[in-house]
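As a plain string of letters, each chain reads:
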Amino acid sequence: VETTNYLITIGTDLYYDRRVTGGRTGITHDSKRSLVVTAESNGLVYVGVVLSATPTWSTQKNGVQYFGSYEEMAVMLEMGFGSHSVTQVLYDGQVLSQFPVNNGMNQVALGPVQAAEVILPAEAKMDDLTLRFNIPNGTLEAPICSGEMISSVEVWYGSVCVAWSPVVTLNGSRY
């Protein structure tokens, strides 16, 4: 298959990027360059769009010296893939928190029902996440059985809720 997308054309080492999986090139009536690509790496998939890039024309070769679109896309892909990562924030068997139980003999531990992976900035740490539990009436009342679905949890990164799961008790609490 022949293509004008030099990011996926093997043999054009100047622009080739193994992460690029597809795309489309374009030229406007005023010779500006446009490029749309899909790219994938380490579980992340991006769609990149560059519109109206200004090429630089070579006076010696009667052709394009600098396309603009490929160079801008390379910068965007490096920034996107380099600045974010897939992070597992909820997993099976995870103890999210322990809650006191009114009239109970002990606290109960809560864990998520489902695992969750999210895309976070590469520098983000688990300490940067906030858990918000939605406990009906704000308290737990005995008796509570192990495995009882009693609430849900939201995982927040700054002002953005990045994950949600129902939660179950990992132990019980009697009178």
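Sequence order as written defines residue numbering, which begins from 1 separately in each chain. Where local features are concerned, this predicted model is filtered to residues with pLDDT of at least 70; where side-chain atom pairs are given and counted, the filter is 80 or more; whole-chain, interface and lining totals use all residues. Side-chain metrics rest on all non-hydrogen atoms present in the structure, leaving aside hydrogens and water.

**Q** What am I meant to see in a nonpolar patch on the surface here?
**A** Without a salt bridge and with relative accessible area above 30%, a residue can belong to a patch; like charges are then joined within 9 Å and nonpolar side chains (Val, Leu, Ile, Met, Phe, Trp, Tyr) within 5 Å. Accessibility throughout is a Shrake-Rupley quantity obtained with a 1.4 Å probe, and a residue counts as covered only by protein chains that appear here. Salt-bridge detection follows one rule: a side-chain nitrogen of Lys or Arg within 4 Å of a carboxyl oxygen of Asp or Glu. Together, Val 36, Val 47, Val 49 and Leu 51 line one region of the surface with nonpolar side chains, adding up to about 360 Å² of accessible area. To qualify as a helix, a DSSP run of H or I must reach at least 4 residues; to qualify as a strand, a run of E must reach at least 2; elements of each kind are numbered from the N terminus. Counting residues per element, the nonpolar patch draws most heavily on strand 3 (residues 44-53), at three residues. Of note, Val 49 is situated in strand 3.

**Q** Would you take a moment to explain the pairing of strand 9 (residues 108-112) for this structure?
**A** Each regular strand carries side chains that alternate between the two faces of the sheet. Burial status follows relative accessibility: with a 1.4 Å probe on protein chains alone, a residue under 20% of its type maximum counts as buried, one over 50% as exposed, and anything between as partly exposed. With respect to burial, strand 9 is a largely interior element, five of its five residues being buried. Alternating residues of strand 9 divide into Val 108, Leu 110 and Pro 112 and Ala 109 and Gly 111, and every residue in both groups is buried. Relative to strand 9, strand 7 (residues 97-99) runs antiparallel, the two sharing three bridges. When the sheet's bridge partners are listed, Gln 98 is paired in strand 9 with Ala 109. Note: strand 9 against strand 14 (residues 160-169), three bridges, orientation antiparallel. Bridging from a neighbouring strand, Gly 111 pairs with Val 168 of strand 14. For two strands to count as paired, DSSP must find a minimum of two bridges between them.

**Q** What should I look at first to understand the pattern of salt bridges in this one?
**A** Pairing between side chains of opposite charge can happen when their charged atoms approach one another. Using the criterion set out here, one finds two salt bridges in the structure. Between Glu 78 and Arg 19 there is a salt bridge whose closest N-O contact spans 2.7 Å. With Glu 78 in helix 1 (residues 69-83) and Arg 19 in the segment before strand 1 (20-27), this residue pair connects regions lying 59 residues apart in the sequence. With relative accessibility at 49%, the residue Glu 78 sits in the partly exposed group. Put simply, Asp 17, Arg 19 and Glu 78 are held in one network by salt bridges that share partners.

No statement about biological role is implied by the geometric values presented.
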